[in-house]
Amino acid sequence: MNTLSVLKGSMVIGIAAVCAVCCLLSPRLAIAQDEHADASLRERIKQRVAERRESRQGDEIDSAEGLKIQKPGDYVRSLQHDGFTRTYRIHVPKQYQASGSAPLVLAFHGGGGDMDYMANDEYYGLISKSDAEGFVVVFPNGYSKFKSGKFATWNAGACCANARDKNIDDVGFVRKMIASLTRELNINRQMIFATGMSNGGMMSYRLACEMSDTITAIAAVAGTDNTIRCQPRKPVSILHIHAKNDDRVLFGGGAGKKFRDESKVTDFVSVPDSVKKWVVHNNCQSTPVRTLEKPGAYCERHSQCEGGVAVQLCVTDTGGHSWPGGTKPRGSEPPSQVLSANDVMWDFFTSMQTANTFTNKIQ
């Protein structure tokens, strides 16, 4: 056998070996490619589903523009404001009739929360209260850097987090939202109220400062007045509910040690200073009258205010940073059950409406 024959034989053997290896690897390569293709396909399907869902939601929102909500139920709406898509939930009570006007309560979630959390009836009970009393309750979503809207905050002045740091126009959003709500629903414009938990309570205070032409009364729960500028055009009734042992927004002022990053909050104004500020704003009687006293809680009211409004403080001994009468899924201390924030709030709102109506008749 000559050298050329040997070389040819070696080449044939080498080619055969390469082919054999390729044959062995090709199924694995094919499997890997198929898995990659499957993963890509799954991602594409998920993306298309999400796009279709968003498209359908957008269609619902667009089709609702200019139309009235005719029946009770739960609705989700979005609007564009200041370059952002802002979202809110609406609960229309069982007894709502488009032929009659209904009170409106805006319920602002706490910092790091979202509209779905605030609308959870197990935690806050506002939907049940809405159905019992007949008011429309709306749960706006604060500013969030996430598309889901989770971990949202409100720009309440000196607090809080990204909404404050980016100077988000939450007041403008609320104005636009109310304008949209009054087109879709028959709202009693003399009974537009705001309430909120923690950062949401602070946001309610800001609305009292900057939207006194629209907001009749507020009820701030576990959130003090940390506005930077406050020049209300007219008196606004103020209810403040706070636990004496709140470990986050401290009753006596300052931020509790439980905040992981204090730069995201502020040196909170105390409860007494918040109340005093509005006693002066509303030109109320300086000495309060005790309206409720029971083991574990009390309420006191400053009356004889300008425009028939009032400033009321309700304090629980326990409950920490929470919504009295509600529940919370986590935390070392459950909310106080000595009084119900919802009951006290609604009694206050309706009593202020009666006082305002009486004052207007006299004038």
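The numbers attached to residues start from 1 for each chain and follow its sequence in the written order. In keeping with the model being predicted, local features are shown solely for residues with a pLDDT of at least 70 and side-chain atom pairs are shown and tallied solely at 80 or more, while totals for entire chains, interfaces and linings include all residues. The basis for the side-chain values is all heavy atoms of the structure; hydrogens and waters are excluded.

## Describing the pattern of salt bridges
Applied cut-off: Salt bridges are counted wherever a side-chain nitrogen of Lys or Arg sits within 4 Å of a carboxyl oxygen of Asp or Glu. Only DSSP runs of H or I with at least four residues qualify as helices, and only runs of E with at least two residues qualify as strands; both kinds are numbered from the N terminus onward. For each residue, the accessible area found with a 1.4 Å probe, counting protein chains only, is set against the maximum for its type, and the residue is called buried under 20%, exposed over 50%, and partly exposed in between.
Scanning the model with the defined rule gives 14 salt bridges in all. In this structure, the salt-bridge partner of Asp114 is Lys150, at a minimum N-O distance of 3.6 Å. Taken together, the residues Asp114 in the loop between strand S3 (102-108) and helix H2 (115-118) and Lys150 in the loop between strand S4 (136-140) and helix H4 (161-165) connect sequence positions 36 residues apart. In this structure, Asp343 and Lys129 form a salt bridge, with 2.8 Å as the shortest nitrogen-oxygen distance. Of this pair, Asp343 sits in helix H8 (residues 341-362) while Lys129 sits in helix H3 (residues 126-133), and the two are 214 residues apart along the sequence. By relative accessible area, which is 36% here, Asp343 ends up partly exposed. Residues joined in a network through salt bridges with shared partners are Arg89, Asp114, Asp116 and Lys150.

## A look at the nonpolar core
We apply this condition: Definition used in this section: a nonpolar core is a set of buried Ala, Val, Leu, Ile, Met, Phe, Trp, Tyr and Cys residues joined via side-chain atoms within 4.5 Å. The contact criterion used throughout is that any non-hydrogen atoms of two residues lie within 4.5 Å.
Counting 48 residues, the largest nonpolar core has Ile90, Leu106 and Val174 as the members making the most contacts within it. Dropping the residues within four chain positions of it, Leu106 is found in contact with Val138, Val174, Met177, Ile178, Leu181, Phe193, Ala194, Thr195 and Ile215.

## What about the pairing of strand S6 (residues 217-221)?
Each regular strand carries side chains that alternate between the two faces of the sheet. As a reminder of what qualifies: Two strands are counted as paired when DSSP detects at least two bridges linking them. Crossovers are marked right-handed if the path from the first strand over the helix to the second runs clockwise, as seen with the strands pointing away from the viewer.
Of all 5 residues in S6, 5 are buried, a share of seventy percent or more. Burial along S6 is two-sided: Ala217, Ala219 and Val221 and Ile218 and Ala220, pointing in opposite directions, are all buried. Bridge count for strand S5 (residues 187-197) against S6 is 5 bridges, and the pairing is parallel. Pairing of Phe193 across the sheet is with Ala217, part of S6. Of the crossover connections in this fold, the one passing from S5 over helix H6 (residues 199-210) to the parallel S6 is right-handed. For S6 and strand S7 (residues 237-243), the ladder comprises 5 bridges, and the chain directions are parallel. When the bridges of S7 are listed, Ala217 appears paired with Ser237.

## Considering unusual backbone geometry
With omega at 15°, the peptide bond leading from Cys159 into Cys160 counts as cis. Residue position: Cys160 is located in the loop between S4 and H4. The phi dihedral of Ala161 falls on the positive side, at around 50°, and the residue is not glycine. For Ala161, the position within the fold is in helix H4.

## Remarks on the environment of Ile69
Take Ile69: it is sitting in the loop between helix H1 (3-64) and strand S1 (73-81). Take Ile69: its relative accessible area is 4%, and that puts it in the buried class. Separated by 112 residues in sequence, Ile69 and Leu181 have C-alpha atoms that sit 9.4 Å apart. Not counting the four nearest positions on each side in its chain, Ile69 is found in contact with Tyr75, Arg77, Ile90, Val92, Tyr96, Ala98, Glu184 and Leu185.

## Re the confidence of the model for the protein chain
Low-confidence regions, as indicated by low pLDDT, have predicted coordinates that should not be scrutinised in detail. The line we're drawing: Confidence of the prediction at every residue is given by pLDDT, a number between 0 and 100.
The predicted model of the protein chain has a mean per-residue pLDDT of 85, with 79% of residues at 70 or higher. Here residues 1-64 is modelled with pLDDT under 50, and outside its nearest four sequence neighbours on either side it reaches 7 contacts, counting other chains as well. A low-confidence stretch, residues 357-363 stays under pLDDT 50, and its non-local contacts, those more than four residues away or across chains, total 2 contacts.

## Quick notes on the pairing of strand S10 (residues 311-316)
Across the 6 residues of S10, 6 count as buried, placing the element largely inside the fold. Residues of S10 alternate between two faces, with Val311, Leu313 and Val315 on one and Gln312, Cys314 and Thr316 on the opposite face, all of them buried. Inspection of the sheet shows S7 paired to S10 by 6 bridges, in the parallel sense. Across the sheet, the residue bridging to Ile241 is Cys314, located in S10. Summarising the sheet, strand S9 (residues 297-302) and S10 pair through 6 bridges and their orientation is antiparallel. Within S10, the residue paired with Tyr298 across the bridge is Val315.

## What about the packing of aromatic side chains?
Keep this limit in mind: What counts as a ring pair is set by centres within 6.5 Å for rings of Phe, Tyr and Trp (its six-membered ring), and what kind of pair is set by the plane angle: stacked under 30 degrees, edge-to-face over 60, tilted for all other angles. Charge over a ring is defined by NZ of Lys or CZ of Arg lying within 6 Å of the ring centre and within 35 degrees of the ring normal.
Tallied over the entire structure, the rule returns 12 aromatic pairs. Between the aromatic rings of Phe259 and Phe268, the centroid separation amounts to 5.9 Å while the plane-to-plane angle is 50°, which identifies the pairing as tilted. Pair check on accessibility: Phe259 and Phe268 agree, each one buried. Measuring from centroid to centroid gives 6.4 Å for Phe348 and Phe349, while their planes differ by 55°, and the two rings are tilted. Taken together, Phe135, Phe193, Trp346, Phe348 and Phe349 form an aromatic cluster joined through their ring pairs. Of note, Arg248 hangs over the ring of Phe259, and the distance from its end group to the ring centre comes to 5.3 Å. Taking NZ or CZ as reference, Arg290 lies 4.2 Å from the ring centre of Tyr298, over its face.

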